[in-house]
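Residue strings, one per chain:
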Amino acid sequence: MINAVQRIAAVVGVLLLLGACTAKTNPDANPGVTVKVAGAASGPFVRGYNPLLLGAANGAGYSTQSIYEPLLQEDFAKGVTRPWLAESFRWGDGGKSLTVELRKDVTWSDGQPLTGEDVAFTFELLRKFPGLNTNGYPLAGAEAPGPNTAQIRFTEPSYQLMWWRTTPVPKHLWKEVKDPVTYANKNPVGTGPYRLKSFTSQVITLEKNPGYWQKGLPAVKTVRYIAFDSSSSMIAALQAGEVDWIGATGVDAAAVAKLDPKSIGYWNTKPNPAVVMVIPNHSVYPLNLPEVRQAMSLALDRTVISKIGTGGQNAPVESPTGLDVESRADLLAPAYADLRYGSADPAGAKRLLTGAGFTMGPDGVFRTPKGAKLSLTMLLPTNNPFGDFVRASKVMVKQWAAAGIEVKVKTEQQSAWREDTELGTFDLTMRPNGGTPAVYDFFNRIFSQELLVEPGKRTQRNYERYKNPEAGPLLKLYASSAARSAGEREALAGLQKLMVEDVPVIPLMFTAGLGLWRTDRVTGFPSESNPYAVPLPNSVNSEIVLTKLRPVRSP
Amino acid sequence: MHFLLRRAIFYLIAAWAAITTNFILPRLMPGGPVEAVMARHEGQLSDQAVNALHIAFGLDPNASMWSEYVEYWRNLFTGNLGLSFTYFPTPVSTVIAHALPWTLVLLGVVTLVEWILGTFAGIVVGWRRGTWVDAVLPLGAFLRGIPHFWMGLVIVTVFAVTLDWFPVSGGYSSDLLPNVSVPFVGSVLYHAVLPALAMVVGSLATHMLSMRNMMVTTLSEDYVLVAEAKGLHRRRVMLSYGARNAILPNVAGFALQLGFVVSGALLVEKVFSYPGIGYVLFQAVHNQDYPLLQGILLITTFTVLIASFLADLAFFALDPRTREA
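Residues numbered from 1 in each chain as written. Chains lettered and ligands numbered in written order. Predicted model: local features only at pLDDT ≥ 70, side-chain atom pairs only at ≥ 80, totals over all residues.

**Q** For this particular structure, what's the right way to read the overall build of chain A?
**A** Broken down by element type, chain A carries 15 helices and 22 strands. Against the globule reference of 24 Å for 555 residues, chain A gives a C-alpha radius of gyration of 26 Å, in line with a compact fold. When each of the 555 residues of chain A is scored for burial, the buried share is 51%. Counted over contacts in chain A with a minimum sequence separation of 6, partners at least 24 positions apart contribute 68%. (Helix = DSSP H or I, 4+ residues; strand = E, 2+ residues; numbered from the N terminus. Rg over C-alpha atoms; globule rule 2.2 N^0.38 Å. Buried ≥ 20, exposed ≤ 12 C-beta atoms within 10 Å, placed from the backbone. Contact = placed C-beta atoms within 7 Å.)

Right under this line is the structure:
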C-alpha cells in the first residue's frame, strides 16, 4: 500500500516536471500577438467550413465568421445593417429584383478578386439546392451584369428578406463541388480578416489575411479558437488567463468579474431585439378574450421581473408595441411613440376583468363568466439558454395573483416543451421571438395568418393561434413595401395597433447576451460606452471585434 | 466447450437487442433533429429553414420507422454510419475517430490503473483485517460516495485555479500542435493529471472495498484454514487461496466498468472540457443527432459486450467449475 502511494507520487512528480518544461517552451511569449477565443460550449471541433450550411459554424467554434463575410453587417445596437462586402444595393421591379454593388478592393484569401459572378453563383447555388436555402428566399435566378455587380431576382416582392445574411463563396473553387449540401469545405478560402492556419479538434488557429480589404487591419496577427464543453470551464480558464474572450451563457457576469476585477471586463446587452414574450393560447378559454390578455399584461411589473426574476440580466421591454425603444425609435408608430409600460396595476387589471363579466371569488381568484376559476398553467422549459424563465415566472405568478389571476407553473424538459408549444398544447408559455434585424420577421412570427393552424398541428409561427382578418393584409403590405416607404409606415402602424390594443402576445423582456473578456493582453472590446458591435464571440459581429482589438504593450 | 458456445449465442442475441434499442431509443425522444437545430438558433431562423434542413439531412418526414430500420441495418453491414447532423456534413465515423482516442487513452489507463491498484489494496487490507489498516474503510466509503464530477470541480478549484499547478481545461496546451514530440506528449500527460485524479480517487475506493469484503469472506473458508495449518507461505495463502477465489466478482466489475469508459466520462469531460467522446455523446443527445447517437451507442454496446465476453473467458480460466458445466 505504501509502495503504491510512493509510486503514484513519483509519477505525478514526473508529470509535473514535464508540464513545467512545456510551459516554458510556450512560443507565444510575446503577449498581445495572439488572442484566444471560446465561442460557445460547443465541444470538440470538427473541420467543416461550409458557410452556406445552417449550424455548421458551431462545429468549427464559430471561427467560420472570421473567414467568410456577409454582404451587409448587422449593427445590432442600432438595429440596422451597414455596408460590408456590398457597398450599396437597390430594389427594382416592385421588389422582385435586387441589384448589389460590391466593393472593388475585396480579394479572396487565394488572391483572386471578389466579383459579381461570385455573388450570383452563390445565390444560384441556393436556388438549385433547396437544402442550402435556409432563409427560404423565393429565388428566380441571379446574374452578374457587371464585374462588381450582382442582380438577384425573386418570384415575389422581397423587400423585407434578410438577403444580406448569405455569405458569398468563391465561384472559381466551388464550381467544381458536386454536392454543396454535403460539402465540408475543409480548406476555406474567404474574404475575412483571418485565414485558417491549423486545425485540431481542440484548437483552431487562424492567422491574419494579408490581403484583407480593410487596410492595416487586423492588429492581432493570430487568433486561437479553443474548444470548451461548459460555461463553468470557460470561466475557470478566463480566470486563469488561458483564454481572452468567452461567450458563456447563464452566468452572473458581475460575480465572474469580481474574481479578477483588474483584468476581467464584461458587457451584458440586448444583442439583438429578440423579445421574450408570454404567449397565451387563444384556443383556450378565457385567453381568447382580449380583456383577459390585457389584464394579464397590466398586472405585470417588467422592471421588477427583470431585477428580481433575472438578476438584472434581461432588460425589460418598455414599449407595448414590443419594439426596442432605443434601436427602433424610427419604426414606432407616431401614436405609440411615447407609450411605455407602467409599474404593476392590479387594480386596473381587476377593473378590466370585472368589466368583462368576471366576478371575484371568496379565495381572491376571479371566476369566469362561465363560473370556472380563472386558473391557468404556464408551461416552461426547465432550462433555456436565453434566460432563466422559471426564476422569472416566480415573480410573475405573484404579480398575477395580486390581480386575482391564478397561474401555476409546470416545467418540462426543453425538447418536450418545444413540441408542446409548436403543437399548441399549453395555456401559457414563454418564448423568445425576433433576434433578427428585420422587424417584419418579428411581426410575421406573431401575426402570420398563413401559418395559423389548429392546436395539434405543428407550427413555427403564431404559436398563440391569433386569428384576425386584418393581420394578413397588413403583413402582405409590409412585405411588398420598400424600407421607409409610406406602405411600410401604414403596415407598421396597423400591426402596432393590434399589438397594443389586442395584446395577442404579452412582451416581457429582451433576451440577454453576455460577453466576458480579459484586458491584460488585448483591449478594445465593445462596451456600453463604445457599442460598435455585440460582444459575443459567436455572433456575426465577432470579425468586427477581432479587427478592433489592440495588443497591450508589455511593460 | 459447451459453456463458450452458450455464451456466444447469448452474445449474438444481446447484440441484436442492443443494436435495435440503439435505433429505437433516440426516436422515442420528443422533437427531432431539425427541431433541435431550430432550437439552437432560437428566433434567429425563418421557419423556411425547417424545409431546407429536412432536405439537407436527407430526412423524409413520411418515411416509416420500419423502412428506416431496414436502411439502418443495411448501413451497419456496409460500415456506413452516416453523416452527423450536429456536425453536418462530417461523417459520424470522423467525429468519433477524433474524439474516441482521447477518452480511450485517458479512461482506459485510468480504469486499468484504478482496478489494479484498488484490487491489490483490497487484497492487502482484507488480509490484514482487524488491524489498524481497517481505518481506511470509512475513508474509502466516504471517497466512493463523492460523484466524479463534483470531485473534478473541487480539484479544478484547488489545483488549477487557486494553486495554479495544473491547467484548467483541455487535452493539451493550445500553443502546441499535435505531433510526437516531447513537449506535446508532456503537455498531454500534464493535462491528463487532474481528470485522471478526479476519477481514480473514487473508483479506487470502490474496487478496494469490494475486493476487501470478498477477501474477508473467502479467508474465513475452511480451505484457507487448512492451507494455513499446512504451514504454507503467507503470501501463497493470501494470493493463491484467498485472492484467486475472491477476485471473481471484481473481474466482472471490471468488465462492466470498461463499458462505462465510453459513456461514463461525460461529466468529468465536461468539467475539464476534455476533448473526448463523452461530450460528443452529450451533444448528440441534445441535438437529437440520430446517426451520431447510434454510432456512439454502437461502440458503447460493443465495448460492454466484448468486455463481458473477455470477463467470461477470464472466469473460464480462473474458475474450474465453469469448464465442467
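**Q** Help me out: how do you make sense of the domain arrangement of chain B in this one?
**A** Residues and elements named next belong to chain B. We note that the domain assignment places domain 1 (2-77) and domain 2 (103-323) within chain B. Relative placement of domain 1 and domain 2: their C-alpha centres are 32 Å apart. With 15 residues of domain 1 at the contact, the number on the domain 2 side is 15 residues. At ten residues, the largest contribution of residues to the side of domain 1 that touches domain 2 is made by helix α1 (residues 2-28). (Domains from an automatic or database assignment.)

**Q** What exactly am I supposed to notice about the sheet that holds strand β17 (residues 406-412) of chain A here?
**A** Backbone hydrogen bonds hold the strands of a sheet together, and the pairing may be parallel or antiparallel. Residues and elements named next belong to chain A. Strand order in the open sheet formed by five strands is β17-β16-β18-β13-β19, with mixed pairing between adjacent strands. Of all strands in the sheet, those bounded by a partner on one side alone are β17 and β19 (506-510). Within the sheet, the average angular offset between the axes of one strand and its neighbour, ignoring direction, is 30°. Note: strand β13 (residues 275-280) against β19, four bridges, orientation antiparallel. For valine 275, the partnering residue across the bridge sits in β19 and is phenylalanine 510. (Pairing = 2+ DSSP bridges. Axes fitted to C-alpha atoms, helices over the stretch in contact; angles between N-to-C directions.)

**Q** Explanation requested: the interface of chain B and chain A in the structure shown.
**A** Interfaces are often sized by the accessible area lost when the parts come together. Every contact between the two is made by 63 residues of chain B and, on the other side, 65 residues of chain A. Of all the secondary structure elements, the ones that give two or more residues to the side of chain B that touches chain A are α2 (33-40), α3 (48-57), α5 (92-127), α7 (148-162), α8 (182-219), α12 (266-272) and α13 (277-286) of chain B. Looking at the side of chain B that touches chain A element by element, the count peaks at eight residues for α3(B). Considering only residue class, the side of chain B that touches chain A consists of 38 nonpolar, 17 polar and eight charged. (Nonpolar A, V, L, I, M, F, W, Y, C, P; charged D, E, K, R; others polar.)

**Q** What exactly am I supposed to notice about the domain arrangement of chain A here?
**A** Residues and elements named next belong to chain A. For chain A, the domain assignment lists domain 1 (24-64 + 192-271 + 513-551), domain 2 (72-174) and domain 3 (274-510). In this structure, domain 1 and domain 2 have C-alpha centres spaced 28 Å apart. Every contact between the two is made by 14 residues of domain 1 and, on the other side, 15 residues of domain 2. When its residues are assigned to classes, the side of domain 1 that touches domain 2 shows ten nonpolar, three polar and one charged.

**Q** Is there a simple way to think about the nonpolar core in this case?
**A** For soluble globular proteins, nonpolar side chains are generally found buried alongside one another. Ranked by size, the top nonpolar core spans 157 residues in total, and within it Met234(A), Leu516(A) and Ile296(B) carry the most contacts. Counting residues per element, this core draws most heavily on α8(B), which supplies 17 residues. Setting aside anything within four residues of it in sequence, one finds Leu516(A) in contact with Leu238(A), Ile246(A), Ala248(A), Ala253(A), Val256(A), Ile264(A) and Tyr266(A). (Core = buried A, V, L, I, M, F, W, Y, C linked by C-beta atoms within 7 Å.)

**Q** Hey, could you run me through the packing of helix α6 (residues 136-145) of chain B against α8(B) in this one?
**A** Between two packed helices, the angle of one axis relative to the other and the distance separating the axes together describe the packing. All names here are of chain B. Contact pair α6 / α8: the axes reach a minimum separation of 8 Å and the direction vectors enclose 130°. By the angle between their axes, α6 is oblique relative to α8. The chirality of how α6 crosses α8 is left-handed. Across from Gly140, Ala141, Leu143 and Arg144 in α6, the residues of α8 making contact are Val201, Gly202, Ala205, Thr206, Met208 and Leu209. When its residues are assigned to classes, the contact of α6 with α8 shows six nonpolar, three polar and one charged. (Parallel < 35°, antiparallel > 145°, perpendicular 65-115°, else oblique. Left-handed = near helix turned anticlockwise from the far one by under 90°.)

**Q** When you look at α13(B) in this model, what are you seeing that I'm missing?
**A** An α-helical turn contains 3.6 residues, so a residue and the one three or four places further along point in the same direction. All names here are of chain B. Across the ten residues that make up α13, a large majority, seven, are buried. Every buried residue of α13 is accounted for by Ile277, Gly278, Tyr279, Val280, Leu281, Gln283 and Ala284. Positioned one or two residues after α13, glutamine 288 has a phi angle of 50°, which is positive.

**Q** Honestly, the environment of Leu516(A) in this entry has me stumped. Any pointers?
**A** Examined against the element boundaries, Leu516(A) turns out to sit in strand β20 (residues 513-518). A sequence separation of 271 residues divides Leu516(A) from Trp245(A), and the C-alpha atoms of the two residues are 5.9 Å apart.

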